[in-house]
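Structural description and commentary
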Amino acid sequence: MAASDRMVLGPLVGSIDQGTSSTRFLVFNAKTAELLSHHQVEIEQKFPKEGWVEQDPKEILKSVHECVERTCEKLQQLNIDITNIKAIGVSNQRETTVVWDKTTGEPLSNAIVWLDLRTQSTVERLLKRIPGKNKAYFKCLTGGKNGGVHCTDVTNASRTMLFNIHSLDWDPELCQFFDIPMEILPKVRSSSEIYGLMKSGALTGVPISGCLGDQSAALVGQMCFQDGQAKNTYGTGCFLLCNTGQKSVLSEHGLLTTIAYKLGRDKPVCYALEGSVAIAGAVVRWLRDNLGIVQTSQEVEKLAAEAGTSYGCYFVPAFSGLYAPYWEPSARGIICGLTQFTNKNHIAFAALEAVCFQTREILDAMNKDCGIPLHQLQVDGGMTNNKLLMQLQSDILCIPVVKPSMPETTALGAAMAAGAAEGVGVWSLNPGDLTAVTCERFEPQINPEESESRYARWKKAVMRSMDWETSEAPSNAVDPSIFCSLPLGFFIMSSVIMLIGAKYVSGQGKLLLENPTQWLLAQDVLCACPAQGSYLGYWRPGELLTMAESGGISHCPATFSQSS
């Protein structure tokens, strides 16, 4: 590429897209919104206990540095001058939390991911302090040993339950309620202003001037700047946001009122209604990593297409409970409607349908709250590359689904905010200056009656998934950590063996069990022998424990060493 051609590219803007499943760095042309290059690194999710989801903060930070450096290398290979990158925007997974030492910059623990359920008991305890126990009550850049800027933007702050979305400040009453010292919280800024400069790497000195939570970034990237415009992002979860303008609308149907964006220090804040689904793309990853029915995520579309139907199989992936519109933490995932005919293809189809049914539920709630039904749904995110999924979504919603040709709208939104910031000014957000986007359109291909029938059966499956878990064990319940403990099992078994051994060593040689029902524990744990008749127990050091009944010898299936 000649030097004169490089000049035609004009200013470039980079975007860090740090999501739940991966980190990416993408570079866009500020004049055409064209994606020039990117690099992606997958992030490991840790599940130390059931319901717990964590990530290594150092791995996240390392992945950001790696993505930035690799993308710059790719641009240079394309003969694109990286000094044309005038600003960097940041889009991040919201609500994932990490605490670090402000002196050393070292994290104090793993990051607790937004999918994590460990705080459910805390929520239940806090609800007891609220009159009426009404759940509706609940409706980044860092420093370290080398200094830095500790701030966030209004869209991320609004997800903490510590932020007043009307005054745009941390709320003293909420911080006191949750016992959070306000001095550890970051300074809250707008979504589009210069926060600081890159301090290392190939882009040292480039301003970081855009910051949006991932779903707000996607709303901006979809150019949903008018009241009533909405988008649905299909990532790890699924998030439907509808712009309500400068008016905050309180939902009566299980949605959240949140901040959409504030694109400048002196610009007004805009609000949105949001419906959140915990498991969307994560269900495909679960089929791959947990069940092993596919080797790659792309294979799911092929399997589902081969089936062409779920054959009456319904999959409710409530791995972390149910989010909007139910907000039911007791729910757990189920697959129902199985027959001998059901195979992995049908389960793959049901998994894709589950994403679409969950979207239908939050879209119905949003239509009720807004009063004006959406006539088409704008979509984005990694899962939109699955054409079968997009067609299923249109069929289940009974409205067209519109997918932009460039699906990276989350990263694009962060880039737009960064490029439009005061002091950067390389990206215009005026409606007349926004680049027209080519789209792929999916129209419904089934009749509404069939759609409603399938949706009704899905709702039935959802009801079956509820009330599987309780936050508190019954008072008369046995602690499973005791009787399901493997070490304790060995302790009980070894104790019984030593008792029998003591009898043997003391010269009795054998032990007559006149009433085996008294030794039910030993029989259950050691030999699962029937509790009837008379049994003789023999034990010699280093040998198996055996049970003998008149008429024959029955050997215990468990093996124990002398050290046991």
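All of these numbers come straight from a predicted model, not from anything done at the bench. (Residues numbered from 1 in each chain as written. Predicted model: local features only at pLDDT ≥ 70, side-chain atom pairs only at ≥ 80, totals over all residues. Heavy atoms only, no water.)

1. Considering the sheet that holds strand 1 (residues 12-18)
Strand order in the open sheet formed by six strands is 3-2-1-5-12-11, and the pairing between neighbours is mixed. This sheet does not close on itself; its edge strands, each paired only once, are strand 3 (35-42) and strand 11 (192-197). On average, adjacent strands in this sheet sit at an angle of 25° to one another, irrespective of strand direction. Set on the sheet, helix 2 (residues 57-77) makes contact with strand 1, strand 2 (22-29), strand 3 and strand 5 (85-92); between it and strand 3 the angle comes to about 145°. Its contacts with the sheet put helix 6 (residues 214-221) on strand 5 and strand 12 (207-213), and the angle it makes with strand 12 is roughly 100°. (Pairing = 2+ DSSP bridges. Helix = DSSP H or I, 4+ residues; strand = E, 2+ residues; numbered from the N terminus. Axes fitted to C-alpha atoms, helices over the stretch in contact; angles between N-to-C directions. Contact = heavy atoms within 4.5 Å.)

2. Looking at the side chain of serine 192
Here serine 192 lies in strand 11. Of the polar contacts made by the side chain of serine 192, one reaches the backbone oxygen of alanine 417; its length is 2.6 Å. Not counting residues up to four positions away in its chain, the partners in contact with serine 192 are Ser209, Lys262, Leu263, Gly264, Arg265, Ala417, Ala420 and Ala421. (Polar contact = N/O pair within 3.5 Å; in protein donor to acceptor, adjacent residues only side chain to side chain.)

3. Observations concerning the nonpolar core
Tyr234, Leu352 and Trp427 are the most contacted members of the largest nonpolar core, which totals 96 residues. In terms of residues, this core owes the most to one element, helix 9 (residues 344-370), which gives 14 residues. In this structure, tyrosine 234 is in contact with Val355, Thr359, Leu377, Val379, Asp380, Gly381, Gly382, Met383, Thr384, Leu389, Met390 and Gln393, ignoring residues within four places of it in sequence. Counting residues in hydrophobic clusters, the runner-up holds 24 residues, among them Leu36, Ile82, Ile85 and Ile88. (Core = buried A, V, L, I, M, F, W, Y, C linked by side-chain atoms within 4.5 Å. Buried < 20%, exposed > 50% of the residue type's maximum accessible area, 1.4 Å probe, protein only.)

4. Observations regarding the pattern of salt bridges
Pairing between side chains of opposite charge can happen when the charged atoms of each approach one another. Scanning the model with the defined rule gives 24 salt bridges in all. With its nearest N and O atoms 2.6 Å apart, the salt bridge here joins arginine 70 to glutamate 73. Pair noted here: arginine 70 and glutamate 73 are both in helix 2, with a separation of three residues, about one helical turn. The exposure class of glutamate 73 is partly exposed, given its relative accessible area of 34%. One network of salt bridges, in which partners are shared, links Arg94, Glu95, Arg159, Asp214 and Glu274. (Salt bridge = Lys/Arg side-chain N within 4 Å of Asp/Glu carboxyl O.)

5. Quick look at the sheet that holds strand 14 (residues 238-245)
Spatial ordering of the open sheet is given by 15-16-14-13-19-20-21, a layout of seven strands whose pairing is mixed. The open sheet has two free edges, formed respectively by strand 15 (256-261) and strand 21 (439-442), since each of these has just one partner strand. The average angle at which neighbouring strand axes cross in this sheet is 30°, direction not considered. Looking at chain direction, strand 13 (residues 230-234) and strand 14 are connected through five bridges and run antiparallel. Among the inter-strand pairings, lysine 231 is bridged to a residue of strand 14, identified as leucine 241. Its contacts with the sheet put helix 9 on strand 13, strand 14, strand 16 (270-277) and strand 19 (377-380), and the angle it makes with strand 16 is roughly 145°. Taken strand by strand, helix 10 (residues 387-397) contacts strand 13, strand 19, strand 20 (401-404) and strand 21, and its axis lies near 50° from that of strand 21.

6. Remarks on the confidence of the model for the chain
For the chain, per-residue confidence averages 80 on the pLDDT scale, and residues scoring 70 or more make up 78% of the total. Contacts from residues 136-143, a stretch scored under 50 in pLDDT, to residues over four places away or in other chains number 26 contacts. Under a pLDDT of 50 for its full length, residues 473-564 has, in the predicted model, 89 contacts with residues more than four places off or in other chains. (pLDDT = per-residue confidence, 0-100.)

7. Remarks on unusual backbone geometry
In this chain, alanine 324 is followed by proline 325 through a cis amide linkage whose omega measures 0°. Topologically, proline 325 is positioned in the loop between strand 17 (314-316) and strand 18 (334-336). A positive phi is found at leucine 168, a non-glycine position, where the angle reads about 60°. Of note, leucine 168 is situated in the loop between strand 8 (163-164) and strand 9 (169-170). A positive phi is found at cysteine 398, a non-glycine position, where the angle reads about 65°. Positionally, cysteine 398 belongs in the loop between helix 10 and strand 20. For cysteine 398, a relative accessible area of 30% puts it in the partly exposed group.

8. Thoughts on the pairing of strand 5
Of all eight residues in strand 5, seven are buried, a share of seventy percent or more. Where strand 1 meets strand 5, seven bridges bridge the pair, whose relative direction is parallel. Bridge assignment links leucine 12 to a residue of strand 5, and that residue is isoleucine 85. Pairing of strand 5 with strand 12, which is carried by five bridges, proceeds in the parallel orientation. Of the residues in strand 12, the one forming a bridge with asparagine 92 is glycine 213.

9. Observations concerning helix 7 (residues 281-291)
The set of residues buried in helix 7 consists of Gly281, Ala282, Val283, Val284, Arg285, Leu287 and Arg288. Buried-residue contacts for helix 7 involve strand 3, helix 8 (299-307), strand 17 and helix 9. Just past helix 7, the residue glycine 292 takes up positive phi, approximately 70°.

10. Description of the state of the cysteines
Following the criterion strictly, the structure yields zero disulfides and no others. In this structure cysteine 356 is a free cysteine whose sulfur lies 8.5 Å from that of cysteine 238, the closest cysteine sulfur available. (Disulfide = S-S within 2.5 Å.)

11. Observations regarding the environment of leucine 377
Following the sequence through the fold, leucine 377 ends up in strand 19. Residues leucine 377 and leucine 397, spaced 20 residues apart in sequence, show a C-alpha to C-alpha distance of 9.0 Å. With residues near it in sequence (within four places) discarded, leucine 377 still touches Asn232, Tyr234, Leu240, Thr359, Leu397, Ile399, Pro400, Val401 and Val402.

12. Some words on helix 9
Between the first and last C-alpha of helix 9 there are 39 Å, a value that for 27 residues agrees with the 39 Å anticipated at 1.5 Å per step. N-cap assignment for helix 9: the residue whose side-chain oxygen lies 2.9 Å from the backbone N of asparagine 345 is asparagine 343. Two residues or fewer after helix 9 comes glycine 371, characterised by a positive phi angle close to 80°. (Expected span 1.5 Å × (residues − 1).)

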